[in-house]
Structures are given as structure tokens and as C-alpha cells.
Amino acid sequence: MTNSAQSAPGRREGTAMRHAASYDAELRRHNEVLRPAVGVQLQDHVLDIGCGTGQTTRQAARTARAGSALGVDISAPAIKRARELARAEGLRNVTFERADAQVHRFPPEGFDLAISRFGTMFFDDPVAAFANIGRALRPAGRLVMMVWQAHERNEWDVAIHQSLEAAEGPMAGASGRPDPFSLADPPTVKEILQAAGFAGIAFIDVHEPVYYGPDVAAALDWVRGFTCTSEVLKRLDPAAATRADERLRQALAAHLSDDGVWFNSRAWIITAHRHRAGPRPRSLS
């Protein structure tokens, strides 16, 4: 797969079903902001990129009652669970496919709207990926996606890195991992999307907290599942891993409130539309 982390930012692909509810809960405040920004219409045909277990896809399908929604993700367990949830809700206008949005052959001009909630930051070739998504949109079709702002603006990532760096120094060894902040810089994103054939690119600042669980134990279990955390802990000897684990526990405890463990975060909602003449991808080099 060319988009190795499309299913969820920094999460283990193989635990999609067990973590589905936790992931949706983590982003529940973001979801409340994203839904009105997406602006699904009654007859829209919607493509949901990196849909995970399909919460945003099902939401789109419920609004597009005279249209449809297709959710794609590279995680087979996530897609299986998404189908189960859609069946349980009785949704007949939603489908899910295991697919990599960078290379999948979508129906040309088959969608009015492409959406994503933190599912577009991990493409190997973002220009090619967004050009492929653009070809799936009708002329002037819309793209609405939510991505993280820079690392230093996200308290959750700063706290995790500080806890782990205390154990093994700067996390240079993790530089090859999927980067959840690859679309954090507006000028870079604008250049990528323009090269992929999009216009009218705009950014909306989202300042909402992420939720890590009802208590410290649940939050620690969730954070241990992050790719950046699990990879570092695996590299440490048992004693160092125990110390790192305790530092993580302390960081989470410092953010415990009456309604659970919360961290500040910053994200962008990025909106754009396909050129009416169709995407004209070009190289950034």
C-alpha cells in the first residue's frame, strides 16, 4: 500500500475494531465542527477518504438521502466494521471499499464532494493522490478535509514527545514514520492542491481539544497504541520502557479533569474545489 497510515493518524491498523469507539470519541469535538463545514446536500454523492470505521461516511449518507456515500480505507478490519455499523443502522445508500485513495480507480467524475477527517496526511505522493481524488470529482466538485496543524501547536503530541524523549533523547529514529503533520503548512498545502488541479483553497482554524479517555488508565492504553509511542517503547530496554511509561502516565494525569483526559489541539479545515476544466496535475519539482 502506498498510503500506509490512511486508516487513522498514527494508529495501529490491526486494532481498528477495538479502537473504533475510542477514536471517534477522541475527535468528537472536531467532528462537531467538521460536519457543518462539509455541508452535505440532499442529492450529493460523497467520497470519504481514510474513513476508518465509517462514522463520517454514515453521517454523510444520512444527510445525502437522495444521493450516496462511499468510504475508503486501507484497513480491512476498519472496513469490515464500517459495513457492520452501516447495516445495523439500516443505511442503504452507503458503501465501503478497502482502497488506497492515492491509486484507486474511482468512477471518473462520480462524486460531488470528497471529505476526510484526518485521513489525507500520509500519501507518499500527495500531488498524485489529490489529482486522483480530483478526477473522481465532477467539475467544480468540492474537497473538504481536516488535518492537524504543526506539532508544536498540538499539546497532545508535545506531551508525548517530551515524555519519550526523556527516555531516549530526540526522536530522530522515528523520522521515517508516517507524519501526521505533513499538511500543516498552508503555503505547502496550497502548492500541492494547485498542482493537483484544485482552486479556491481556503483554511479554517479549528481549536478544539482531543479526548483520551475517562481516566488515566484508559488514556494510557490509548496513547500506547499510537505508532510513535509503540515504536519508541519497543526500542527501549525494560527498565527504560517502564520509566517512559510512568512519564506518560504523569503527563496524562496532569490533564485529567472531571470529565476525562483532554489535551489542547489545533487543526485546519481545508476547503477547495476542482477546476471546472478538470484537474491538471503538475510536478512540484
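Residues numbered from 1 in each chain as written. Predicted model: local features only at pLDDT ≥ 70, side-chain atom pairs only at ≥ 80, totals over all residues. Heavy atoms only, no water.

## Comments concerning the confidence of the model for the chain
Of all residues in the chain, 85% have pLDDT values of 70 or greater, and the mean over the chain is 89. Note on residues 1–18: pLDDT under 50 across the span, and 69 contacts to partners over four residues away in sequence or across chains. (pLDDT = per-residue confidence, 0-100. Contact = heavy atoms within 4.5 Å.)

## Here's the deal with the sheet that holds strand β6 (residues 198–206)
As summarised here, the arrangement of the seven strands in space is β3-β2-β1-β4-β5-β10-β6, forming an open sheet in which the pairing is mixed. Because the sheet does not close on itself, it has two edges, and the strands there are β3 (94–98) and β6. Neighbouring strand axes in the sheet, compared pairwise and without regard to direction, differ in orientation by 15° on average. Where strand β2 (residues 68–73) lies against β3, five bridges are found, and the strand directions are parallel. Bridge assignment links glycine 71 to a residue of β3, and that residue is phenylalanine 96. Contacts from helix α4 (residues 76–88) reach β2 and β3 within the one sheet, and its direction differs from that of β3 by about 165°. Contacts between helix α5 (residues 126–136) and the sheet are confined to β1 (45–49), β4 (111–117), β5 (137–148), β6 and β10 (267–274), with β5 contributing the most and set at about 135° to the helix. (Pairing = 2+ DSSP bridges. Helix = DSSP H or I, 4+ residues; strand = E, 2+ residues; numbered from the N terminus. Axes fitted to C-alpha atoms, helices over the stretch in contact; angles between N-to-C directions.)

## Brief notes about the packing of aromatic side chains
A full pass over the atoms with the stated rule returns ten aromatic pairs. On the numbers, 5.7 Å between centres and 75° between planes, the contact of phenylalanine 203 with tryptophan 268 is edge-to-face. Taken together, the residues phenylalanine 203 in strand β6 and tryptophan 268 in strand β10 connect sequence positions 65 residues apart. Judged by centre distance (4.9 Å) and plane angle (50°), the rings of tyrosine 211 and tryptophan 262 are tilted. Of this pair, tyrosine 211 sits in strand β7 (residues 210–213) while tryptophan 262 sits in strand β9 (residues 260–263), and the two are 51 residues apart along the sequence. (Phe/Tyr/Trp six-rings, centres within 6.5 Å; stacked < 30°, edge-to-face > 60°.)

## As for the pattern of salt bridges
This model, assessed by the stated rule, comprises eleven salt bridges. Notably, a salt bridge pairs aspartate 24 with arginine 117, separated by 2.8 Å at the nearest N-O pair. With aspartate 24 in helix α1 (residues 16–26) and arginine 117 in strand β4, this pair connects stretches of sequence that are 93 residues apart. As far as the burial class goes, aspartate 24 and arginine 117 line up, both buried. Arginine 29 is paired through a salt bridge with glutamate 208; the nearest N and O atoms lie 3.2 Å apart. Within this pair, whereas arginine 29 is found in helix α2 (residues 28–38), its partner glutamate 208 is found in the loop between β6 and β7, the two being separated by 179 residues in sequence. The class for arginine 29 is partly exposed, based on a relative accessible area of 32%. What emerges from the salt-bridge pattern is a single network uniting Arg58, Arg62 and Glu89. (Salt bridge = Lys/Arg side-chain N within 4 Å of Asp/Glu carboxyl O. Buried < 20%, exposed > 50% of the residue type's maximum accessible area, 1.4 Å probe, protein only.)

## Things to note about the side chain of threonine 229
Inspection of the secondary structure puts threonine 229 in helix α9 (residues 227–235). Threonine 229 sits in the buried class, given a relative accessible area of 0%. Looking at threonine 229, its side chain comes within polar contact range of the main-chain oxygen of valine 223, at 3.1 Å. (Polar contact = N/O pair within 3.5 Å; in protein donor to acceptor, adjacent residues only side chain to side chain.)

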